[in-house]
Structures are given as structure tokens and as C-alpha cells.
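If you want the building blocks of each chain, they are given just below.
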Amino acid sequence: MQAQSTKPNFEFVALMAALMSIVALAIDALLPAISAIGLTINSTDPTANQQLITMIFLGLGVGQLFFGPLSDSFGRKPIVYIGFGVFTLASIVCLTATSLEWMLVGRIFQGIGLSAPRSISISIIRDTYKGDYMARVMSFVTAFFILIPIVAPAFGKWVMDAFGWKAIFYVQLGFALLIAIWFWRRQAETLKPEYKKPFSPRIFWDGLKEFLKHRETIAFTMTSGLITGAFLVFLSAAQHVFENQYGLPEEFPYIFAGLAISIGLATFMNGTLVVRFGMRPLAFTAMIAFCIISVLYVLLFWGSPNPSMPVAVLFLSAQFFCLGFLWGNFRSIAMEPIGHIAGIGAAINGCASTLVAVPIATYIGSFIDDTIWPMFAGLAVCGCVALSIFMVVRRKNLVSRRATR
């Protein structure tokens, strides 16, 4: 498939960001409502209620394994529509749930449905662009995408205070409908007929074998999972940390927005710098900084209570600024060698990184009771392991280049 090496147009970037942003809305708008939902469904354990956030990621990971191969056979657009349909049905389950178990079932299936627009948007980008230009598009898409986490918690709190927590799910459904209509009217099918693969059970296994042939693809899928897992610890525990540990329930949406701005600024900067410096050098530098910040926090506050809120926010902002240079670049590096199987490749990449991330987030999150130190310990461990993988692959690539000269 012929991918472009030209400047992306604004509407394409905005539409791809919108396809991803419904995921952010489904997660972040619900953060201020976790306690209220818990009371309604008779679940008062804060660590158990964190699963309302982490389980949607499980659905996101699993769903891609189905929708990715289907999109390589039937085209990108029909599968996106199916995903929105599953999301709608799952939202109804959440609205009618009377227990934590049923609410988690709904959240998992919300993730399965949203995995279609989320992962297939990446396939569409890979169909259309390549190399550092793909990383540029991914960075700009992520920068737009970050606008939702900036406003979603505050918006979710306003909706909940005015109309109750169920109204948040109705808003999500309305937003999904608008995006689906926009996608239907304005986005052409990017999978050309000659590249469609006949659907069969072998399409996944053939794609997996091709995926496993590429060292960088495997390595950066794993690093994405490690970094995402560390971030999910914060995402799932943020409401508990700022509302219960710091006693700031009213300020929480604005603190969260400020941290999201840190990621958005970095992703925008990455989009402007990646063509000049390359995605690998930028990601490597950010990975080193990510490890230094988390290790520094672990050493400074070992065995101590939480630092003051400004100090904690300063460390988190610096940590998340690094993330803005990691997510888009890691995904682009992993996808670069497998553009010929972009659909199943994006699915395996997304599923594998999620299956790494969710257990990490669940395990570390269980320790965040009265201090955020375990969160930074998790960031440090995951970051250092990811950096080690990065360094091994980087060294092997240098050796390979020297051998071919």
C-alpha cells in the first residue's frame, strides 16, 4: 500500500484524534463519578472500584484481536461501525447494572467496542503515512486526543452534579454518534481492494508469525506495555489519591487537567521535532529522563508520607511530559516494519501491550492505600525495564548497521 511522506491535513488529524478520543472520554469523564457509582452499586472498596478504569483497558486489548484481522479482510470503515454498535450495547449494560460485577462486564465490553475505532485509526494512519511522517501524524493525533483528558474530568463532574452519574454515559453515547457520522461522511476507505486478505482462521496466525519476525516490533510493543501499565496505575488511582489522600475532591478535575496538559504539550513538541531529529533519538532521550525522575522520587521519599500537593504534581508533570515523547514514537517504531499487515499488526501490538499493562496496573494499584510512593516505585521499575529493552535493541541495530557496511 502506497503511504505518503507529505504534510498531513488538519481534518484527517482531527478525525483520527476523535476516533481515539471517545476512549479517553469513556475513561476520564468517569473518574469523578467512581465513588458515586460505587455507592449506587453497593461497592465501597476504593481499590475494587479502580477496576472500573482498568477493566476497560482489558476490553480494549482483547477486542483488537478480533477487529484487526476483520479490518484487513472487509475494510477499515465497516469494522469501525461494528465497534460503535458494541459500545452502545455495552453502555446500556453499564446504565442498568446493579452490582460491581455487571458494571465491570459493561466496562469490558465498552473497551471491546472502542477497540475498533481506536486501533483501526492507527491502521488508517499507517495506510496513509510512513516513517517519521507517521510518527509526526501520531504525535499530532495524540496532542488533539489529550484535549479530552484535559476537560473530561471537570466536564464529567459538572454533568454528574447536574444530572447524576448516568448522564455521563448518555453524553458518551451522543459523542460516539457524532464521531460515527463524521467518519461515515468524510473518511474514505484506506484499504485498497487489492490489499484485502480473504478472511480465515489463518489470518491471525499468519499475522502473528509475521509480527514475531521483527525484533523492533516485539521490543517496542513490550516497552509500550510497560510504560502504559505504569501510567494506568496513576489513571486508576488518581481519584483515590487526590480525593482521599490529599482531600481535594473539588480540585481533582483541575489537577488532572493540568497533568494532561503536560502530556499534550510534549506530544505537540514531539510532532514538530520528530521529522528533524527522528523518533528513535527522541524516544531514547525521553526514556532516560522518565527513569531518572521516577527513581529520584523513590529515593527522596522512601518511607515518608506523601509530599505536599505541589511537589507531587511537579514530579507527576515531569513524568508525564516524558510520556508525550514515548507513546506515539514507540507505537510508530513498532508499526514501521509491519505496514503490509497494518490491521492485524496494530491489533497484536495493541493487545500485547495492553495485556502487559493491565496486570501491572492492577498489582501496583493494590498497594496505593495511603501514599503514592508505590506508584512511583512502579514507574521506576517499569521505566528501567523498558529502557533496558530499548538499549539492547539499539545496540543490536548498531551492530547490524556496522556489519552491512
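Residues numbered from 1 in each chain as written. Predicted model: local features only at pLDDT ≥ 70, side-chain atom pairs only at ≥ 80, totals over all residues. Heavy atoms only, no water.

(A) Structural context of the overall build of the protein. Regarding its fold elements, the protein presents 16 helices and 0 strands. In terms of overall size, the protein behaves like a compact globule, its C-alpha atoms giving a radius of gyration of 20 Å where 405 residues would be expected to give roughly 22 Å. Along the first, second and third principal axes, the C-alpha atoms of the protein reach 60 × 45 × 35 Å. Across the 405 residues of the protein, 60% fall into the buried class. Long-range contacts, defined as pairs at least 24 residues apart, comprise 87% of the intrachain contacts of the protein with a sequence gap of at least 6. Carbon and sulfur atoms form 69% of the exposed surface of the protein, whose accessible area is close to 16,400 Å². Averaging the positions of the 28 positive and the 19 negative side-chain charges in the protein gives two centres separated by 14 Å. (Helix = DSSP H or I, 4+ residues; strand = E, 2+ residues; numbered from the N terminus. Rg over C-alpha atoms; globule rule 2.2 N^0.38 Å. Buried < 20%, exposed > 50% of the residue type's maximum accessible area, 1.4 Å probe, protein only. Contact = heavy atoms within 4.5 Å. Areas by Shrake-Rupley, 256 points an atom, 1.4 Å probe, with all protein chains shown as cover. Lys, Arg positive; Asp, Glu negative; His and termini not counted. Charge placed at Lys NZ, Arg CZ, Asp CG, Glu CD.)

(B) Representation of the packing of aromatic side chains within the structure. Scanning the entire structure with this criterion turns up 25 aromatic pairs. The rings of Phe231, Phe234, Phe242, Tyr246, Phe252, Phe256, Phe320 and Trp327 are connected pair by pair, giving a single aromatic cluster. The ring centre of Trp184 lies 5.6 Å from the NZ or CZ of Arg185, which sits over that ring. Over the face of the ring belonging to Phe284 we find Arg394, whose NZ or CZ atom lies 4.1 Å from the ring centre. (Phe/Tyr/Trp six-rings, centres within 6.5 Å; stacked < 30°, edge-to-face > 60°. Lys NZ or Arg CZ within 6 Å of the ring centre and 35° of its normal.)

(C) Broad picture of helix H8 (residues 166–186). Helix length check: H8, at 21 residues, gives a terminal C-alpha distance of 31 Å against a target of 30 Å (1.5 Å per residue), a fit within 8%. Taken together, the buried positions of H8 are occupied by Ala167, Ile168, Phe169, Gln172, Leu173, Ala176, Ile179, Ala180 and Phe183. (Expected span 1.5 Å × (residues − 1).)

(D) Seen up close, the environment of Glu250. Within the secondary structure, Glu250 is located in the loop between helix H10 (215–245) and helix H11 (252–277). A C-alpha to C-alpha distance of 9.3 Å links Glu250 and Pro32, two positions 218 residues apart in sequence. Side-chain polar atoms of Glu250 contact the side chain of Lys157, separated by 3.4 Å. (Polar contact = N/O pair within 3.5 Å; in protein donor to acceptor, adjacent residues only side chain to side chain.)

(E) Seen up close, the pattern of salt bridges. For the coordinates displayed, the defined rule picks out 9 salt bridges. Arg76 is the partner of Asp72 in a salt bridge, and the nearest nitrogen-oxygen pair spans 2.8 Å. Pair check on accessibility: Asp72 and Arg76 agree, each one buried. The salt bridge partner of Glu216 is Arg280, with a shortest N-O separation of 2.9 Å. Note that Glu216 is positioned in helix H10 and Arg280 in helix H12 (residues 279–300), a separation of 64 residues in sequence. A relative accessible area of 14% means that Glu216 is categorised as buried. One salt-bridge network, in which partners are shared between bridges, spans Asp72, Arg76 and Asp127. (Salt bridge = Lys/Arg side-chain N within 4 Å of Asp/Glu carboxyl O.)

(F) The arrangement of the packing of H11 against helix H13 (residues 309–323) in detail. For the pair H11 and H13, the least separation of the axes is 8 Å and the interaxial angle reads 25 degrees. Judged by the angle between their axes, H11 and H13 are roughly parallel. Crossing handedness for the pair H11 and H13: right-handed. Together, Ile255, Leu259, Ser262, Ile263, Leu265, Ala266 and Met269 of H11 and Met309, Val313, Leu316, Ser317, Phe320 and Phe321 of H13 make up the contact between the two elements. Partitioning the contact of H11 with H13 into residue classes produces 11 nonpolar, 2 polar and no charged. (Axes fitted to C-alpha atoms, helices over the stretch in contact; angles between N-to-C directions. Parallel < 35°, antiparallel > 145°, perpendicular 65-115°, else oblique. Left-handed = near helix turned anticlockwise from the far one by under 90°. Nonpolar A, V, L, I, M, F, W, Y, C, P; charged D, E, K, R; others polar.)

So far we have only geometry, and geometry alone does not tell us how the molecule works.
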